[in-house]
Amino acid sequence: MSQPNLISLVGQNREQLAVSLASIGVSESQVRMRVNQLYHWIYERGVSEFDAMLNLSKSLRADLNAKFTLGRPEIVEEQVSVDGTRKWLFRFTRSDGTAGQPVDVETVYIPEPERGTLCVSSQVGCSLTCTFCHTGTQKMVRNLTSSEILSQVLAARDRLADHPDSAIDPEIIAPHSGRKVSNIVMMGMGEPLLNFDNVKNALLIALDDTAMGFSRRRVTLSTSGVVPAIGKTAREIRCMLAISLHAVDDELRNELVPINRKYPLKKLLEACREYPEIANCRRITFEYVMLKDVNDSLEEAEELVRLLQGIPAKVNLIPFNPWPGSQYECSSKKQINRFANYLIDRGFESPVRTPRGRDIFAACGQLKSASEKPSKASLRDGSGEGHGVVELG
Ligand code: SAH
Ligand code: SF4
């Protein structure tokens with residue numbers, strides 16, 4: 001577990017590592033080589049102790065230990081679904097050396113035969129109150145740092161025995177071959193494009209061949225439609241993009257995804273039209289949650305086809321995952337299939353996403369940690385722990 005007074009090097013890029021090394025007296029002529037070594041150990045090999053870095057001198061390891069950490073979050077809870085999906089509740093204390101309340105964050109691992117996907121959180125809570133999303137009912141607490149975003153990946157790999165040097169664990173359901181975490185989706189708690197700089201820093205390290213080396217096809221950022229940041233994502237991160245569309249007219253989308261009032265459909269789709277060419281990716285995924293009698297008619301499927309004209313697109317239909325107090329019902333299987341077939345007949349790939357991990361409340365939109373901003377009163381009387389266990393259905 002990380003100690004609050006030590007600074008985590010996880011999440012630091014080459015320039016930041018160079019500054020950190022200089023701060024403990026590593027000479028200019030050595031910095032480049034040392035940064036390369038740290039990159040290899042931290043991101044490629046996934047070690048969590050400086051003492052495991054055998055090609056660093058003992059004295060350098062001691063200097064690193066005195067000021068820095070590669071500490072992982074505390075694991076408050078780990079749940080394993082009958083389908084092999086895993087959900088962790090990670091607790092982070094500030095990793096930048098500053099004091100602050102600990103926060104709880106959920107991360108989900110979804111194994112499939114061909115891939116293992118890690119669903120990573122970008123914020124604690126979310127400021128955008130989409131009406132069908134459980135996270136949206138949790139007040140925004142704060143942005144996660146780049147360190148906390150990448151630490152979710154490293155901590156998941158620790159638990160899944162997914163580092164190059166890990167021993168085999170036969171208990172873990174995993175893809176048939178390759179790394180257990182083969183894909184990253186920024187689809188956990190929070191809106192990644194409202195935490196652009198930290199998400200960018202973390203994803204660029206995930207994508208760097210000399211760091212984690214994920215291929216661009218295997219890293220997807222999902223946004224509810226923060227339009228000004230979409231072009232920036234195309235130019236500066238160049239990962240795959242998923243858009244949480246969920247409605248085909250502004251009136252309904254204003255209600256379901258309130259950020260639509262600021263960035264309406266027309267503006268959103270304009271940004272999407274430009275994305276594939278700038279980011280050099282084949283197509284965009286549009287996510288569409290199936291809400292019974294709300295957005296699931298064939299007229300809406302027809303309008304969806306019209307809206308997506310000219311955008312290389314795939315439509316991911318997500319059966320609505322209920323949560324305590326939610327006001328919607330999931331569309332019937334029959335209606336979801338009719339909707340999907342309408343799109344397929346018109347040339348769209350339209351998979352229906354199989355809900356995973358519903359028994360442990362790990363499915364899309366079900367994530368919500370109990371972290372809250374401490375009230376002034378609780379800070380005064382010292383009761384404001386600001387965290388707790390995850391709410392379960
Ligand atoms: N904030 C980002 C990423 C996190 S949400 C975004 O909104 O895109 C990941 C996906 O789950 C989004 O498409 C979101 O709309 C969807 N989702 C949220 N609540 C859901 C629910 N209850 N059932 C099914 N999907 C849901
Ligand atoms: Fe936030 Fe995404 Fe949930 Fe909307 S769907 S409230 S943007 S996490």
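Rules behind the numbers
Residues numbered from 1 in each chain as written. Chains lettered and ligands numbered in written order. Predicted model: local features only at pLDDT ≥ 70, side-chain atom pairs only at ≥ 80, totals over all residues. Heavy atoms only, no water. Pairing = 2+ DSSP bridges. Helix = DSSP H or I, 4+ residues; strand = E, 2+ residues; numbered from the N terminus. Axes fitted to C-alpha atoms, helices over the stretch in contact; angles between N-to-C directions. Contact = heavy atoms within 4.5 Å. Near = heavy atom within 4 Å. Polar contact = N/O pair within 3.5 Å; in protein donor to acceptor, adjacent residues only side chain to side chain. Areas by Shrake-Rupley, 256 points an atom, 1.4 Å probe, with all protein chains shown as cover. Expected span 1.5 Å × (residues − 1). Buried < 20%, exposed > 50% of the residue type's maximum accessible area, 1.4 Å probe, protein only. Core = buried A, V, L, I, M, F, W, Y, C linked by side-chain atoms within 4.5 Å. Right-handed = clockwise from strand over helix to strand, strands pointing away. Phe/Tyr/Trp six-rings, centres within 6.5 Å; stacked < 30°, edge-to-face > 60°. Lys NZ or Arg CZ within 6 Å of the ring centre and 35° of its normal.

K.L.:
Give a description of the sheet that holds strand β10 (residues 219-223) that names residues and reports values.
P.N.:
If you trace the nine strands from one edge of the open sheet to the other, you get β3-β4-β5-β6-β9-β10-β11-β12-β13, paired in mixed fashion. In this open sheet, the two edge strands, each paired with only one partner strand, are β3 (74-80) and β13 (313-319). With direction set aside, neighbouring strand axes in the sheet form an average angle of 20 degrees. By the bridge criterion, seven bridges tie strand β4 (residues 86-92) to strand β5 (residues 103-111) in an arrangement that is antiparallel. Paired with K87 across the bridge in β5 is V108. Running over the sheet, helix α4 (residues 146-159) touches β3, β4, β5, β6 (116-119) and β9 (183-186) and is turned about 130 degrees from β4.

K.L.:
Give me the site of ligand 1: which residues, what numbers.
P.N.:
The local shell around ligand 1 holds 21 residues, among which F132, G190, S222, S244 and H246 are the closest. Between ligand 1 and F132, the relevant distance is 2.9 Å, taken from a nitrogen atom to a main-chain nitrogen or oxygen of the residue. S222 places a polar side-chain atom, nitrogen or oxygen, 2.6 Å from an oxygen atom of ligand 1. In the complex, 96% of the free accessible area of ligand 1, which totals 530 Å², lies under the protein chains. Among the elements of the structure, β10, β12 (284-290) and β13 are those that each provide at least two residues to the shell around ligand 1.

K.L.:
Could you give an account of helix α2 (residues 28-44), with specific residues and numbers?
P.N.:
In this model, α2 (17 residues) spans 24 Å end to end at C-alpha, consistent with the 24 Å of a helix rising 1.5 Å per residue. Those residues of α2 that sit buried are V31, R34, V35, Q37, L38, Y39, W41, I42 and Y43. The secondary structure elements touched by the buried residues of α2 are α1 (14-23), α3 (58-67), α4 and α5 (196-207).

K.L.:
So, the nonpolar core: which residues are in play, and what are the values?
P.N.:
With 112 residues, the main nonpolar core has L38, L64, F132 and F286 as its most contacted residues. Formed by six residues, the second largest nonpolar core is a distinct cluster that contains I110, C119, I360 and A362.

K.L.:
Provide a residue-level description of the pairing of strand β11 (residues 240-244), including the pertinent values.
P.N.:
In terms of burial, β11 is a largely internal element, five of the five residues being buried. Going residue by residue along β11, you find M240, A242 and S244 tucked away on one face and L241 and I243 tucked away on the opposite face as well. Pairing of β10 with β11 involves four bridges; the strand directions are parallel. Counterpart to S222 in the pairing with β11 is A242. Taken together, β10, helix α6 (residues 227-236) and β11 form a β-α-β motif whose crossover is right-handed.

K.L.:
Quick rundown of the packing of aromatic side chains? Include the residues and the values.
P.N.:
If you walk through the whole model with that rule in mind, you get four aromatic pairs. Ring geometry for Y39 and Y43: centres 5.1 Å apart, planes at 85 degrees, overall edge-to-face. Linking Y39 with Y43, this pair stays in helix α2, spanning four residues, or about one helical turn. Considered together, Y39 and Y43 belong to a single accessibility category, that of buried residues. Between F320 and Y328 the ring centres are 6.1 Å apart and the planes differ by 80 degrees, which places this aromatic pair in the edge-to-face class. Considered together, F320 and Y328 belong to a single accessibility category, that of buried residues. The ring of Y342 is capped by R346, whose NZ or CZ atom sits 3.6 Å from the centre of that ring.

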